[in-house]
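Close look at the chain arrangement
Here is how the chains run, residue by residue.
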Amino acid sequence: MSRVFEDYFSELQADMVPICLEYVEDRAEKIYIYCSCEERIISSDFFYCIEGKIKERHKLNNDMNKCNNYIYDTSPERQDAVLEILIEDIKKMKSLCNEYKREMPTEIKLIYDVEKNSLKAEYKYDIVYSNDPVKTADDIAMEWFEAVKLENSK
C-alpha cells in the first residue's frame, strides 16, 4: 500500500516529539508543541507537564520536587536548537501541503502523552493573530500555555 499525504504529514508531526523529549531527557509526562504558520511567519513553542505541573521550557528547574535533585539544561542555545528543528519540520509540512495541493493549517497544537505513547493534534485554518494589531504567535502560544496550566490546576 502506498503512502499518502496524511502519512507524510503525521510523520513530520511525530518527528517533533523526540527532540522535545530529548530536551527533558525523557522526564516528562506530556509534551505540548505549538506550531504556527501564518502569512510569512513560521513560529513554534513547546512546554511540558512534569511531576503533574505545567512548566515552560526555560523554567523547568523552578518549583520542582526537591527530592528529585535533577537539573535540566535549559540554556538558550539548547532551546534554540529545539526550536530550529521544530521550525524546519513546519517548513517541511508547508512544502508537503504545497506539493499535494492541500491547505496548510495556520495553527497546530500537538499533545504527546509519554505514558500512553499517543499524539493528539488540533488544527486551525483561519487567521489566528496576523490580523490582530498587537498579538503575535508567541502571544497565542503563551495563551495556550496559560489555558493548559489553568485546566491542569483544577
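Above this text you will find the structure in question.
An account of the accompanying structure is given in this report.

1. Quick notes on the packing of aromatic side chains
Enumeration over the complete set of coordinates arrives at 12 aromatic pairs. With a centroid separation of 6.4 Å and 45 degrees between ring planes, the pair formed by Y34 and W144 is classed as tilted. Pair noted here: Y34 is in strand β1 (residues 30–38) and W144 is in helix α3 (residues 137–152), with a separation of 110 residues, a long-range link. Between F46 and Y48 the ring centres are 5.9 Å apart and the planes differ by 85 degrees, which places this aromatic pair in the edge-to-face class.

2. Things to note about the nonpolar core
What tends to happen in soluble globular proteins is that the nonpolar side chains get buried as a cluster. With 32 residues, the main nonpolar core has C20, V24, I31, I33, F46, Y48 and L86 as its most contacted residues. Going through the elements one at a time, α1 (5–23), β1, β2 (41–50), α2 (76–99) and β4 (107–113) are the ones with two or more residues in this core. Considering every element that reaches this core, the biggest residue donor is α1, with nine residues. Formed by 13 residues, the second largest nonpolar core is a distinct cluster that contains Y34, C49, F145 and V148.

3. Quick word on the pattern of salt bridges
Scanning the model with the defined rule gives six salt bridges in all. A salt bridge links R57 to D45; the shortest N-O distance between them is 2.1 Å. Of this pair, R57 sits in the loop between β3 (53–56) and α2 while D45 sits in strand β2; the two residues are 12 residues apart in sequence, bridging distant segments of the chain. Taking the relative accessible area as the measure of exposure, R57 reaches 15% and is therefore buried.

4. Concerning the sheet that holds β3
In spatial order, the strands read β3-β2-β1-β4-β5; together these five strands make up an open sheet with antiparallel pairing. Each end of this open sheet is capped by a strand with a single partner; those strands are β3 and β5 (118–124). Taking each pair of neighbouring strands and ignoring which way they run, the sheet shows an average axis angle of 20 degrees. Along the sheet, α1 makes contact with β1, β2, β4 and β5, crossing β1 at roughly 130 degrees. Together, β1, β2 and β4 form the strand contacts of α2, whose direction differs from that of β2 by roughly 125 degrees.

5. Topic: α3
With 16 residues, α3 ought to run about 22 Å at 1.5 Å a step, and its terminal C-alpha atoms sit 23 Å apart, in line with that. Taken residue by residue, α3 has A137, I140, A141, W144, F145 and V148 as its buried positions. Buried residues along α3 cover an arc of 145 degrees about the axis, so they all sit on one side. On the buried face of α3, the contacting elements are β1, β2, β3 and β4.

6. A few points about the side chain of D89
By the element assignment, D89 lies in helix α2. Although D89 lies buried, it forms no salt bridge, and the closest oppositely charged side chain, K92, sits 4.2 Å away as judged by the N-O distance.

7. Here we look at the environment of I85
Its location among the elements puts I85 in helix α2. Judged by relative accessible area, I85 falls into the partly exposed class, the value being 34%. Sequence separation between I85 and S95 is 10 residues, and the spatial gap between their C-alpha atoms is 15 Å.

Cut-offs and rules
- Residues numbered from 1 in each chain as written.
- Predicted model: local features only at pLDDT ≥ 70, side-chain atom pairs only at ≥ 80, totals over all residues.
- Heavy atoms only, no water.
- Phe/Tyr/Trp six-rings, centres within 6.5 Å; stacked < 30°, edge-to-face > 60°.
- Helix = DSSP H or I, 4+ residues; strand = E, 2+ residues; numbered from the N terminus.
- Core = buried A, V, L, I, M, F, W, Y, C linked by side-chain atoms within 4.5 Å.
- Buried < 20%, exposed > 50% of the residue type's maximum accessible area, 1.4 Å probe, protein only.
- Salt bridge = Lys/Arg side-chain N within 4 Å of Asp/Glu carboxyl O.
- Pairing = 2+ DSSP bridges.
- Axes fitted to C-alpha atoms, helices over the stretch in contact; angles between N-to-C directions.
- Contact = heavy atoms within 4.5 Å.
- Expected span 1.5 Å × (residues − 1).
- Arc of directions from axis to C-beta.
- Lys, Arg positive; Asp, Glu negative; His and termini not counted.

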